[in-house]
Amino acid sequence: MPLGVAMLVLLALSWALLGAETQTEVFGLFGVTAVIAVIASRLKFTESLGRVAVEHERAVSIACVVGILILMALFHEDHFPLLLLGSVLLYATACLGLNIQFGYVGIVNFAGASFFGIGAYTTAVLASHTAMPHLLILAAGGVMAALVGCVLLLPVLRTRGHYGALVTIAFATLFRSFLEVNDTLGGPQGLKIPSLQFFGWDLGEGLIFGGVEFSFYANYVFFALLLCMAAYVCVRRVERSWLGVAMDMVRTDEIAASVFGISIARQKIIAFVLGNLLVGIAGAAYGMMTNYIAPNNFTFADSLILVSMLLLGGIGNPLGVFPAAALILILPEKLQFIQEYRFLLYGTVIIFILLFRAQGLLPRGIRRFFPCAENDPRQ
Amino acid sequence: MIPVSDEPLLRAEKLTMRFGGLVALDALDIEVRPREILGLLGPNGSGKTTFFNVVTGLYAASSGTITFEGRNISGLSPQAVYQAGITRTFQRSRLSLSLSVFDNVAVGNSRMLDHGIIHNLFCRKALLAEYERTVEQVRTLLATFNAALAGKLFHSAAGLSMIDRRRVEICRALISEPRLLLLDEPSAGMTHDETAELMDDIMHVREKLAPFSVVIIEHEMNVIQRTTERCVVLNYGKKIAEGSYAEITVNADVRAAYLGQE
């Protein structure tokens, strides 16, 4: 019951935010959200909601998927809100990959946008110059990101904590310069990417479904949703397994982990490669959706955006990346006066999170291996 | 698997550990016999914990050899030493506080758990069976120590009292049924009664499992007196005495270095 109410409120709010056209509307929405949040916490509604959400995890996931489908249907012919929705889903997918690295095993990857870019550029080259099926190309984008990531493995394994992060920062800067001077990859102008096609379905074409006309972005939202669901299941399974326990041990105490037989290097390699694979696939799909990529989309600053989504959502909780990605991507688009200062906004967001809610919007809870009620041994 | 009883389970020969100019272990010879409880005594900085760190592979010895069940284990990685059947606790609690009690204990059983990627990601049915088995195992082991603790299986370790954290740490070291358990000052930060209770529980579990050897570092002399069969006393990384509790307490060198003159 509280779950249903919360989901409806959330749906209404996201519909209003995506559809808002003037800044006054957005600010009005802020006010409404604040009032709802205050009332909810006064009535102890948030507390019981948190408990119910943990108990009925499957219901929450299904409600989220249905909610996104409803949003897609509501905006069926508006390009821009659908493009935003698709971007949110694909950025969230990339964050899920980073979540394995940062949230579980503790590698801070400040080159997220670079791996996102490797996926997108691989797609651009393969889709324009070969006749490979596009689904394979998407996979190739992920594999390429994972392979290039292996170059960073040695320094990442040899360093601990913040030093590993420095290595990834260096890589992010290097990657952008490499793209800008590389004429075969389009230099600063970037590359065009043909739209995604598979099994005779061209996602770049609008379609008519049940007499209603849909924007071609609706295709991409649907596809991004499928991709996102697959990534989510994958990340959840990593967390809820012996691998997840081992990764958490590596993050929290490397010495205790090695004394109990856990190979530090193995966990870090699995997390780094798997994470980059997800980021790369998300980047590949993003490239196909936007039809055009340039080095400016994959700067160090964009990597920071990915990391700030992770921080805002709650490190280690895969569910948190969704509201975080939505807020961080949609707000600057809706508030034009912020556009120029968007990095200021991200910086402020991070400082406020660290000050007032260090665990993020949806903090990570205790691991539950098999959360379906019938096989939860706690019952 | 149980070695012939006159053959020691663990034997350190001429074990030396240098940190720059400091000699933490100086040509140390220690034997641990099968099924015995050995006390390791000595003043602070005498090399007791260093000995544990060298045996478990955290430090590579400067020279000397360690043999475990007839096999040379010197220079092995901590992971390989664990696989061979040696586990330990730490003087300062090393639990992962953000994880649940179950996670913390289950990690001690990683020798028996399948960490394969395919198994963990795609064979969820098999994983579920393995998981339920492990939950039962962890619950039973925790219940041996404290019934209330077994009820906190899925609580975060951060909410536990000092003695419960110690218990969880000892369960983590016991769950893989080791051949040798190294206890580093189990009484640190606890009262006399709590320590006594903890030691009784360990002895109790020990009777249920295949009997294993224990090396215990301890400053509480009554713990040593009650539990150990033999003691080794270290000072400046050298062995200065060896024998039963009664023997070492009257040893003149030990009184001078550690127990103090009366």
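Above this note sits the structure.
Values in this document were obtained by computation on a predicted structure and should not be read as measured data. (Residues numbered from 1 in each chain as written. Chains lettered and ligands numbered in written order. Predicted model: local features only at pLDDT ≥ 70, side-chain atom pairs only at ≥ 80, totals over all residues. Heavy atoms only, no water.)

Residues and elements named next belong to chain A. Estimated volume of the second largest pocket: approximately 380 Å³. Taken together, 16 residues form the lining of the second largest pocket, with Tyr-91, Tyr-286, Leu-329, Glu-333 and Arg-342 sitting closest to its centre. When residues of the lining of the second largest pocket are traced back to their parent elements, those giving at least two are α5 (79–105), α12 (264–290), α13 (300–313), α14 (321–334) and α16 (342–356). Ranked by residue count, the leading element in the lining of the second largest pocket is α5, at 5 residues. Considering only residue class, the lining of the second largest pocket consists of 9 nonpolar, 4 polar and 3 charged. (1 Å grid on protein atoms, 1.4 Å probe; cavity = no way out; pocket = protein on both sides within 12 Å on 5 of 7 lines; lining within 4 Å. Points joined across faces, edges and corners; volume = space filled by probe spheres on them. Helix = DSSP H or I, 4+ residues; strand = E, 2+ residues; numbered from the N terminus. Nonpolar A, V, L, I, M, F, W, Y, C, P; charged D, E, K, R; others polar.)

It is worth spelling out the sheet that holds strand β6 (residues 86–88) of chain B at this point. All names here are of chain B. Across the sheet, 6 strands lie side by side as β6-β7-β8-β3-β9-β10; this open sheet has mixed pairing. Looking at strand neighbours, the two that pair on one side only are β6 and β10 (238–243), the edges of this open sheet. Averaged over all adjacent pairs, the angle separating strand axes in this sheet is 20°, with direction ignored. Relative to strand β7 (residues 180–184), β6 runs parallel, the two being bridged by 3 bridges. Bridging from a neighbouring strand, Ile-86 pairs with Leu-180 of β7. The sheet contacts of helix α11 (residues 252–259) involve β3 (37–41), β9 (230–235) and β10, and relative to β10 the element is tilted by about 120°. (Pairing = 2+ DSSP bridges. Axes fitted to C-alpha atoms, helices over the stretch in contact; angles between N-to-C directions. Contact = heavy atoms within 4.5 Å.)

Residue and element names in this part refer to chain B. A sheet is described by the order of its strands in space; here 4 strands give the open sequence β2-β1-β4-β5, paired in antiparallel fashion. The open sheet terminates on both sides in strands that have one partner only, identified here as β2 (22–32) and β5 (71–72). Examined bridge by bridge, strand β1 (residues 10–19) and strand β4 (residues 63–68) share 5 bridges and lie antiparallel to one another. What sits directly across from Glu-13, in β4, is Thr-65. Running at roughly 110° to β1, helix α1 (residues 48–55) makes contact with β1, β2 and β4 of the sheet.

Another point: the pairing of β1 of chain B. Side-chain direction in a regular strand flips from residue to residue, so the side chains alternate between the two faces of the sheet. All names here are of chain B. The pairing of β1 with β2 spans 7 bridges and is classified as antiparallel. Residue pairing across strands places Leu-10 opposite Val-32, the latter belonging to β2. Where β1 folds back onto β2 in an antiparallel hairpin, the turn is made up of 2 residues, including Gly-20, whose phi is positive at roughly 60°.

Attention now goes to the packing of aromatic side chains. Inspection of the entire model under this criterion finds 24 aromatic pairs over all chains. Seen in terms of ring centroids, Tyr-121 of chain A and Phe-298 of chain A are 6.1 Å apart; in terms of plane orientation they differ by 65°. Their pairing is edge-to-face. Taken together, the positions of Tyr-121 of chain A in helix α6 (residues 112–129) and Phe-298 of chain A in the loop between β6 (292–293) and α13 put the pair 177 residues apart, joining distant regions of the chain. Note on accessibility: Tyr-121 of chain A and Phe-298 of chain A belong to one class, buried. Here the aromatic residues Trp-242, Phe-369 and Phe-370 of chain A together with Phe-102, Tyr-131 and Phe-154 of chain B are joined through ring pairs into a cluster of three or more. Positioned above the aromatic ring of Phe-90 of chain B, the side-chain terminus of Arg-94 of chain B is 5.4 Å from the ring centre. Across from the ring centre of Tyr-82 of chain B, 6.0 Å away, lies the NZ or CZ of Arg-111 of chain B, which sits over that ring. (Phe/Tyr/Trp six-rings, centres within 6.5 Å; stacked < 30°, edge-to-face > 60°. Buried < 20%, exposed > 50% of the residue type's maximum accessible area, 1.4 Å probe, protein only. Lys NZ or Arg CZ within 6 Å of the ring centre and 35° of its normal.)

With that settled, the discussion passes to the nonpolar core. For soluble globular proteins, the rule of thumb is that nonpolar side chains tend to be buried together. Counting residues in each nonpolar core, the largest one holds 163 residues, and the members touching the most others are Trp-242 and Met-309 of chain A together with Phe-102, Tyr-131, Leu-142 and Phe-145 of chain B. Element by element, the count of residues in this core is highest for α5 of chain A, at 17 residues. Look past the residues within four positions of Leu-142 of chain B in its chain and what remains in contact with it is Val-101, Val-105, Leu-149, Ala-150, Leu-153, Val-168 and Cys-171 of chain B. Counting 27 residues, the second-largest nonpolar core is a separate cluster that includes Val-32, Leu-38, Val-215 and Leu-234 of chain B. (Core = buried A, V, L, I, M, F, W, Y, C linked by side-chain atoms within 4.5 Å.)

Turning our eyes to something else, we now look at a nonpolar patch on the surface. All names here are of chain A. A cluster of nonpolar side chains, Leu-69, Trp-201, Leu-207, Phe-209, Phe-222, Leu-226 and Met-229, forms an exposed patch at the surface whose accessible area comes to about 610 Å². Taken together, the elements giving at least two residues each to the nonpolar patch come down to β4 (207–209) and α9 (216–239). Sorting elements by how many residues they give to the nonpolar patch places α9 first, with 3 residues. Considering the arrangement of structural elements, one finds Leu-207 in strand β4. (Patch = residues over 30% accessible without salt bridge, like charges linked within 9 Å, V, L, I, M, F, W, Y side chains within 5 Å. Areas by Shrake-Rupley, 256 points an atom, 1.4 Å probe, with all protein chains shown as cover. Salt bridge = Lys/Arg side-chain N within 4 Å of Asp/Glu carboxyl O.)

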